Amino acid sequence: MKKPILAIQNLKAGVENRQILKGINLTIYPGEVHAIMGPNGSGKSTLAGILAGRAGYEVTDGEVIYCDKDLLALSPEERAREGVFLAFQYPVEIPGVNSTYFLKSAYNETRKHRGLPELDAMEFLAFVKERVKLLELKDDLLKRSVNEGFSGGEKKRNEIFQMAVLEPKLAILDETDSGLDIDALKIVANGVNSLKRADNAQLLITHYQRLLDFIVPDFVHVLYDGRIVKSGGKELAHELEQKGYEEIIHETAVRA
Amino acid sequence: MNLTETEPTVREKNRQHTNEPSWLSETREQALARFVELGLPTLHDENWRFTNVAALKSFAFEPAAKPAPHGVTAEDLKPFPFAGFDGNKLVFVDGRFASELSSVSKLPNGVKVMSLADALVTETDLVKKHLFRHANIEKNAFVALNTAHFHDGAFIYLPPNAEVEGPIQLLFVSTGKTDGATVHPRNLLVAERASHFCILESYVSLGDATYFTNSVTELVAGENVSGQHLKFQDENPHAFHITNLATHFGRASQVTTHSFALGAKLSRTNIHAILAGQGLECVLNGLYLTNVSQLADHFMVVEHAQPNCASHEYFNGILAGKSKGVFHGRILVHPDAQKTDAKQTNKNLLLSDDATVDTKPQLEIYADDVKCTHGATIGQLNEKAIFYLRTRGISLEKARRILIHAFAGEIIERIGCSSVREELDRIIWDRLEKDQEIAVDK
C-alpha cells in the first residue's frame, strides 16, 4: 500500500486560549487532489497556516505526519525544502527584492537540501523562462520586485508560478480563487492541473465551489467550527453549491 | 585639547605653515581664534542635542608637523572599496598626499585633479576664488578647526563642459597607529558650467587607534552641471569622524550627494546645500548602517535661496546592537524662493530593542507658494515578508538579510554610476553577511 504524503491526526490548535481547530483528521495520498471547503471562520486559513509553519498558533493536541516526518517539528524553511508549498491567500509584497533573485535563492535552497548542485544565474533564467509561460505571465515580472505593484490576479498567478518552479510534493492553495476573474481563474487552474503528478498532492482550500469546476478534486471535505464534518467525492462540492453550507452542516448535526 | 591651552597652539601653527601666503595664514589665524571662541559643541547646543563630542576634548587637534613615513603600500589598499577601479585616484595617508599611491591620467584640457597643497602653489587664483567661501567658520567649530589646521586634501577643477571618464576617487586612509591623533582633510571641488562629475570620497582605516578625522569639503557646481558626489565612511570602530560638506549649486544644475556611514564609533556628517540658482534639482541621499555602540549622525541644512528649485532628501538607517542614529534635516526656504519643492524622507530599521534613533525634521519657510513635505518612520523588519520568504525555503537569517539589503537598496539604487552602485551593493551585502548579529532575531 502507498504511504500517505500527509496524515493529520486529531489536530487541535488555536491562538491565545481560543481553540480554532478542534480535532482535524485528514489523510492525503500521492496523486490525490483534496479540497477543504468551509464558511468564513471555520478554520481553513488556520489549517493552512499551521501546515506551512506560520507563527502564533498553539498546537494543543494531535500530530501531522508529512512523508514519515513530524511536520510540526520543522521550521517553515525546512518544510519548504522538504516539498511543502503554500500558495498564499494574500501574497506579500516585498519591495526591493528582485523576483528572479528571490526565486533563484528559493530554488537553490531546495536543490542544496536534496544534494543537487545549485544552478547559476544563466541556467536558472533559462529554466524559469520556460515556467513563466505556463502561467501566461510576462517576462518582466522577473525583473520586478516580489509582488510589488502586482494586481490581485497577477499575485495569485505568481504564486502558482512559484509553485511551478519549486515543484512541491504537497501544494496547499489557500483561497487561490479569491479575487480572480474567470479568465485568470482558468489560467491558474490550468497551471495547477499541469503540475499534478502521480507522486505529488494538492490541497485546495476554498470558500466557493467555483475553483473546483476547473481543478477537479478527488475528495471534498467540509470544515465547520474546527472539524471536518463531512467528506465525499467531487459531487459533494456541487451539493454544497446547491444547498449551501447551512443545510449540509444542519444535516450532519442531525445525524450526529 | 583643553580650550584654556590654545594659546601655544596658535604659535605652533605659525611655525608649521611658515611658507604660506598671508591670505591663507591670516584666515587660519582667524579660524583658530573663532574655534577658541566657539569651543566644542555640547549637548546644550540645539544642533548637537543627540550627539556628544565631549570625548574629543582629550585629542591633539594639531597634526604632527613631520610625520614618520607611513609605510602604506598599494597592497594595503586592496581591501578598500573601489580598489579595483581604474582611472583617477588621489590617496591621502593620515591627511598627507601620497603621490606614490595615487594615479592621475587622461585628463581633458583644463581639468585639474591634484592635491590641494600643490594647488595652493600652482593654481593659486583658482583656489583662492573658491576656498573658504562656502564652509563657514563663523558658526561651525569643526570647520574653523579644520581651516586652522588642514594640511592637505583634494583639489578638483572641471572647466566648462568638461567631463572626466569614470569616477574620480579620493581615498583618505588613516594608519590608525596613534590614539588621540587628528587629521583634517580639506577638499575643494569645483565644477564649472555644464560640466559633469562623479567623485568618490572615501574614509577608511588600517589600524585600530582612537583617532579623529575632521574633514571639510567644499563643492561648487555651476550652471547646468550634473554630478554625483559620494562620501563613503568606514573608519575603525574606535574612530571619531566629523565631516562638513558645504555645497553651492548653480542654476539648472542637477547634483546628487550620497553619504554612506558604516564605520567609526561616532560619525557626524553635516551637509549644507545652498540652492543658489533657479530651476535646479538636488538630491541628498544617505544610508547609515551601525551596530554595537556606534553613533551615526546626519545633519542637513537645505537652503532654498532661488525660485523653482527642487530638493529631495532620502536617508535610511539600519541600526543593530546598542547603536544610535540621528537624522536632523532642516529645510530653509527664503522669501524669494517661490515654487520650491522640498521633500525629506528618513526611514529607520531598528534590528534590536537597544538600538535607538532620533529624527528631527525642521521646516523654516518664508515664501508662500511652496511645497514642502517631510516624513520619518521607525520600524522593524516585516514579519509577514520574513515568513513568506521562509515558506519558499529561505532560512530565517537569509530572509532577514534579504530584507535589510532591500531597505539599503532603496538608497543604493539612486547612485547614478552603475559600477559604483554595484560596488556599494556588494559592500553592503558583504557587511550583512559578515555581521552575525544582524541576522539574528532579537
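Residues numbered from 1 in each chain as written. Chains lettered and ligands numbered in written order. Predicted model: local features only at pLDDT ≥ 70, side-chain atom pairs only at ≥ 80, totals over all residues.

Digging into the overall build of chain A
Here's step 1: When helices and strands are tallied, chain A shows seven helices and 12 strands.
Here's step 2: For 256 residues, the compact-globule estimate of 2.2 N^0.38 gives 18 Å, and the C-alpha radius of gyration of chain A, at 18 Å, lies within 12% of that figure.
Here's step 3: Dimensions along the principal axes, computed over C-alpha positions, put chain A at roughly 60 × 40 × 40 Å.
Here's step 4: For chain A, the proportion of contacts with a sequence separation of at least 24, taken over those separated by at least 6, is 70%. (Helix = DSSP H or I, 4+ residues; strand = E, 2+ residues; numbered from the N terminus. Rg over C-alpha atoms; globule rule 2.2 N^0.38 Å. Contact = placed C-beta atoms within 7 Å.)

Topic: the overall build of chain B
Here's step 1: Scanning chain B from N- to C-terminus turns up nine helices and 20 strands.
Here's step 2: For chain B, the C-alpha radius of gyration of 21 Å lies close to 22 Å, the compact-globule estimate for 442 residues.
Here's step 3: Taken across its 442 residues, chain B has 51% of its residues classed as buried.
Here's step 4: Sequence separation of 24 or more characterises 83% of the internal contacts of chain B that already satisfy a separation of 6 or more. (Buried ≥ 20, exposed ≤ 12 C-beta atoms within 10 Å, placed from the backbone.)

Considerations on the sheet that holds strand 14 (residues 281-290) of chain B
Residue and element names in this part refer to chain B.
Here's step 1: The strand order across the open sheet formed by 10 strands is 2-1-5-8-10-12-14-16-18-20, and the pairing between neighbours is mixed. Two strands bound the open sheet, and with one partner strand each, they are strand 2 (96-97) and strand 20 (371-379).
Here's step 2: When strand 8 (residues 196-205) meets strand 10 (residues 226-234), the two strands line up parallel, connected through nine bridges. Each residue of the ladder has a partner; that of Phe197, found in strand 10, is Gly227.
Here's step 3: Packed onto the sheet, helix 7 (residues 396-412) meets strand 14, strand 16 (310-319) and strand 18 (341-350) and runs at close to 160° relative to strand 16. (Pairing = 2+ DSSP bridges. Axes fitted to C-alpha atoms, helices over the stretch in contact; angles between N-to-C directions.)

Considering the confidence of the model for chain B
Residues and elements named next belong to chain B.
Here's step 1: With 94% of its residues at a pLDDT of at least 70, chain B reaches an overall mean of 93.
Here's step 2: Of the regions scoring below 50 in pLDDT, residues 1-15 engages in 16 contacts with residues more than four places distant in sequence or in other chains.
Here's step 3: In the predicted assembly, ipTM is 0.96 and pTM is 0.91. (pLDDT = per-residue confidence, 0-100.)

Structural notes on the interface of chain B and chain A
Here's step 1: Listed per partner, the contact involves 16 residues of chain B and 19 residues of chain A.
Here's step 2: Of all elements in the fold, only helix 6 (383-390) and helix 7 of chain B reach the threshold of two or more residues within the side of chain B that touches chain A.
Here's step 3: The biggest single contributor to the side of chain B that touches chain A is helix 7 of chain B, with six residues.
Here's step 4: Classifying every residue of the side of chain B that touches chain A gives eight nonpolar, four polar and four charged. (Nonpolar A, V, L, I, M, F, W, Y, C, P; charged D, E, K, R; others polar.)

Considerations on helix 6 of chain B
Along an α-helix, a turn takes 3.6 residues, which lines up residues three or four apart on a common side.
Here's step 1: Among the eight residues in helix 6 of chain B, six count as buried, and that is most of the element.
Here's step 2: Those residues of helix 6 of chain B not exposed but buried are Ala385(B), Ile386(B), Phe387(B), Tyr388(B), Leu389(B) and Arg390(B).
Here's step 3: Close packing links the buried residues of helix 6 of chain B with helix 2 (76-81) and strand 7 (94-98) of chain A together with helix 7 of chain B.

Here we look at the sheet that holds strand 1 (residues 6-15) of chain A
All names here are of chain A.
Here's step 1: In space, the four strands of this open sheet follow the order 2-1-4-5, with antiparallel pairing throughout. Two strands lie at the open edges of the sheet, namely strand 2 (18-28) and strand 5 (69-70), each paired on one side alone.
Here's step 2: Across the face of the sheet, helix 1 (residues 44-52) comes into contact with strand 1, strand 2 and strand 4 (58-66) while running at roughly 70° to strand 2.

Focus on the packing of helix 5 (residues 152-166) of chain A against helix 6 (residues 182-194) of chain A
Residue and element names in this part refer to chain A.
Here's step 1: It is at 10 Å that the axes of helix 5 and helix 6 come closest, and there the two elements cross at 10°. Of the possible angle classes, the one that applies to helix 5 and helix 6 is roughly parallel. Along its contact with helix 5, which presents Gly153, Lys156, Arg157, Ile160 and Ala164, the element helix 6 presents Ala184, Ile187, Val188, Gly191 and Val192.
Here's step 2: Among the residues making up the contact of helix 5 with helix 6, the classes are represented as six nonpolar, two polar and two charged. (Parallel < 35°, antiparallel > 145°, perpendicular 65-115°, else oblique.)

A look at the nonpolar core
Here's step 1: By size, the foremost hydrophobic cluster in this structure holds 189 residues, and its most contacted members are Phe85(A), Ala87(A), Leu170(A), Ile172(A), Ile156(B) and Ala408(B).
Here's step 2: Top element by residues in this core is helix 7 of chain B. It accounts for nine residues.
Here's step 3: Residues contacting Phe85(A), with those up to four places away along its chain left out, are Ala80(A), Met163(A), Leu166(A), Pro168(A), Ala171(A) and Ile172(A). (Core = buried A, V, L, I, M, F, W, Y, C linked by C-beta atoms within 7 Å.)

Quick notes on unusual backbone geometry
Here's step 1: One non-glycine residue, Glu16(A), lies in positive phi territory at about 35°.
Here's step 2: Here Glu16(A) lies in the loop between strand 1 and strand 2.
Here's step 3: The backbone phi angle of Val292(B) is positive, close to 50°, even though this residue is not glycine.
Here's step 4: Mapping Val292(B) onto the fold places it in the loop between strand 14 and strand 15 (295-304).
Here's step 5: The class of Val292(B) is exposed, set by 12 C-beta atoms lying within 10 Å.

Focus: the packing of helix 6 of chain B against helix 7 of chain B
Residues and elements named next belong to chain B.
Here's step 1: Interaxial distance between helix 6 and helix 7 falls to 9 Å at its minimum, and their mutual angle equals 125°. Relative to helix 7, the element helix 6 is oriented oblique. The two elements helix 6 and helix 7 meet at a crossing, and its hand is right-handed. The segment helix 6 lies against helix 7, with Ala385, Ile386, Leu389 and Arg390 engaging Leu396, Ala399, Arg400, Ile402 and Leu403.
Here's step 2: Considered class by class, the residues forming the contact of helix 6 with helix 7 number seven nonpolar, no polar and two charged. (Left-handed = near helix turned anticlockwise from the far one by under 90°.)

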